[in-house]
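Residues per chain are reported as follows:
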Amino acid sequence: MTEFLDLAPIRAARGEMRLPGSKSVSIRALLLAALSDGETHLTGLLDSDDTRVMREALKACGVSLVDEGSNSWRVQGALQFPRTDAEIYVGNSGLSIRTLVAVLAFMNGRYRLSGVPRMHERPIGDLVDALRPLGASISYEAHEGFPPLLVEPAKSRSLQPVRVRGDASSQFLTGILQSAPLLARERELVIEVEGELISKPYIELSLTLMKRFGVDVQRSTTAAGSPRYTIAAGARYRAPGSFAVEGDASSASYFLALGALAGGPIRVHGMGSSSLQGDVRFAEVMSAMGATVTQGEDWTEVQSSGLAAGFKPKAIDADFNHIPDAAMTIAVVALFADGPSVLRNIGSWRVKETDRIAAMAAELTKLGATVEAGADFLRIEPPKVLRSAAIDTYDDHRMAMSFSLASCGSVPVRINDPGCVAKTFPDYFTQLAALSSN
Ligand SMILES: O=C(O)C1=C[C@@H](OP(=O)(O)O)[C@@H](O)[C@H](O)C1
Ligand SMILES: C=C(OP(=O)(O)O)C(=O)O
């Protein structure tokens, strides 16, 4: 693997591209199809490290997945996974481990889940704490609250309602919601969120996909005003026949930002006004920063006069809790803004692929920005003069993709370990080069 990639300054960028399938939708759809009554034909699936670990995990549990080529897979569902003893490797896919554990806890088997060293530093205790009162038998193999985990057959399944914290990650609630039909066989299941819930649009996505697979979750609010979800007794997933995965809205953010910085127009296909993912709202941020955004149901386009012709994005100060992944792209666009920008309420960055607040601050500083990093915010003052730098990417795909946009300034940028983009977007740099001119 190449150890670094040198990016020459991008002077202009224009054209159209088709987005890879959404990671969040692909991973959910694979698991829900595996739990459904019947066979699902999934099309447009993302083929990347994160989706591969979910596919391999399901195969290890005996689920039949047939590759039909061109990112289409045929999945034979089973309410009970055929294999009840498996060793599962989850790489660094937070969504995969958190949603698998909640399901495997009730499969009456013995499963071991482990990942890369960073995965063993990413919290999972709030999910385990929510599952244990339901009878789940989950133990920590190394450190309390973190993978690797050993899942053994559940004991009793009675305590209700399920209470789950969602202030470190929304994926814990997604995990419990998706596993709910396994628990609501005889009586309804009630799930309540304790405390604050972050990254809310991902819960909407989970509920929408569950509905597509036949499980309609009723929503209400607790006396304390927290979200409550009720799954009817006997609810079960039913294969929808075929299911098409939409393009990845987080991956789209790099190309929309490219259109804003390098002039465009850049049009991305696969993501538009009908998208289910929360990160579609990144386009609003490009518009607030002064770019021109147009959108159809399935495409989005961004243009501006371009940095080379004097375009300066407007600085922004806003809460980005609803788009934590695409917000990393905004941090790099902020390098070129007409004043300091503040990204607020992004504390979850600290427990993702790397400590993204620390990593972002360190690398923006190398390019000449003045950065203040708080517990849950970043303040970015653009450099007086942008400096060329070698950017470390911390095995974080979004560090590599976001910082590639720094080459829209007039200096070359080196991206160390560019291969880390394989987590969600293996051919990112090829696509970037195809639209850019130096
Ligand atoms: O549910 C999902 O698909 C995701 C939820 C988010 O995580 P948090 O809920 O931990 O913020 C996001 O960062 C991640 O990439 C995907
Ligand atoms: C945080 C991310 O992924 P995950 O939590 O699924 O590992 C991401 O893709 O940016």
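This is a predicted model, so every value here is computed, not measured. (Residues numbered from 1 in each chain as written. Chains lettered and ligands numbered in written order. Predicted model: local features only at pLDDT ≥ 70, side-chain atom pairs only at ≥ 80, totals over all residues. Heavy atoms only, no water.)

1. What about helix α12 (residues 428-435)?
- Those residues of α12 that sit buried are Tyr428, Phe429, Gln431, Leu432 and Leu435. For α12, the angular spread of the buried residues around the axis is 160 degrees, confining them to a single face. Looking at α12, the residues exposed on the side facing more than 90 degrees away from the buried face are Thr430, Ala433 and Ala434. (Buried < 20%, exposed > 50% of the residue type's maximum accessible area, 1.4 Å probe, protein only. Helix = DSSP H or I, 4+ residues; strand = E, 2+ residues; numbered from the N terminus. Arc of directions from axis to C-beta.)

2. Details of the site of ligand 2
- Around ligand 2, the structure places 14 residues, and the nearest of them are Lys23, Gly94, Arg122, Arg398 and Lys423.
- Lys23 places a side-chain nitrogen or oxygen 2.8 Å from an oxygen atom of ligand 2.
- Contact distances for ligand 2 include 2.6 Å between an oxygen atom and a side-chain N or O atom of Arg398.
- About the coverage of ligand 2: the protein hides 99% of its 300 Å² of free accessible area.
- Taken atom by atom, the bulk of ligand 2 overlaps the largest cavity.
- Listed by contribution, the elements that provide at least two residues to the shell around ligand 2 are α3 (94-104) and α11 (397-404).
- Shared between two domains, the shell around ligand 2 takes at least three residues from each, and those domains are domain 1 (4-20 + 246-437) and domain 2 (23-227). (Near = heavy atom within 4 Å. Polar contact = N/O pair within 3.5 Å; in protein donor to acceptor, adjacent residues only side chain to side chain. Areas by Shrake-Rupley, 256 points an atom, 1.4 Å probe, with all protein chains shown as cover. 1 Å grid on protein atoms, 1.4 Å probe; cavity = no way out; pocket = protein on both sides within 12 Å on 5 of 7 lines; lining within 4 Å. Sits in = over half its atoms within 2 Å of the grid points. Domains from an automatic or database assignment.)

3. Some remarks on the domain arrangement of the protein
- In terms of domain boundaries, the protein breaks down into domain 1 (4-20 + 246-437) and domain 2 (23-227).
- A straight line from the C-alpha centre of domain 1 to that of domain 2 covers 30 Å.
- Across the contact, 25 residues belong to domain 1 and 22 residues belong to domain 2.
- Taking both sides of the interface into account, the surface hidden between domain 1 and domain 2 amounts to around 1800 Å²; carbon and sulfur atoms contribute 51%.
- Taken together, the connections running from domain 1 to domain 2 amount to one salt bridge.
- One salt bridge connects Lys423 with Asp50, and the closest N-O pair in it is separated by 2.8 Å.
- Counting across the interface, domain 1 meets domain 2 through 12 residue pairs in polar contact (both at pLDDT 80 or more).
- Considering only residue class, the side of domain 1 that touches domain 2 consists of seven nonpolar, eight polar and 10 charged. (Contact = heavy atoms within 4.5 Å. Buried area = accessible area lost by both parts, 1.4 Å probe. Salt bridge = Lys/Arg side-chain N within 4 Å of Asp/Glu carboxyl O. Nonpolar A, V, L, I, M, F, W, Y, C, P; charged D, E, K, R; others polar.)

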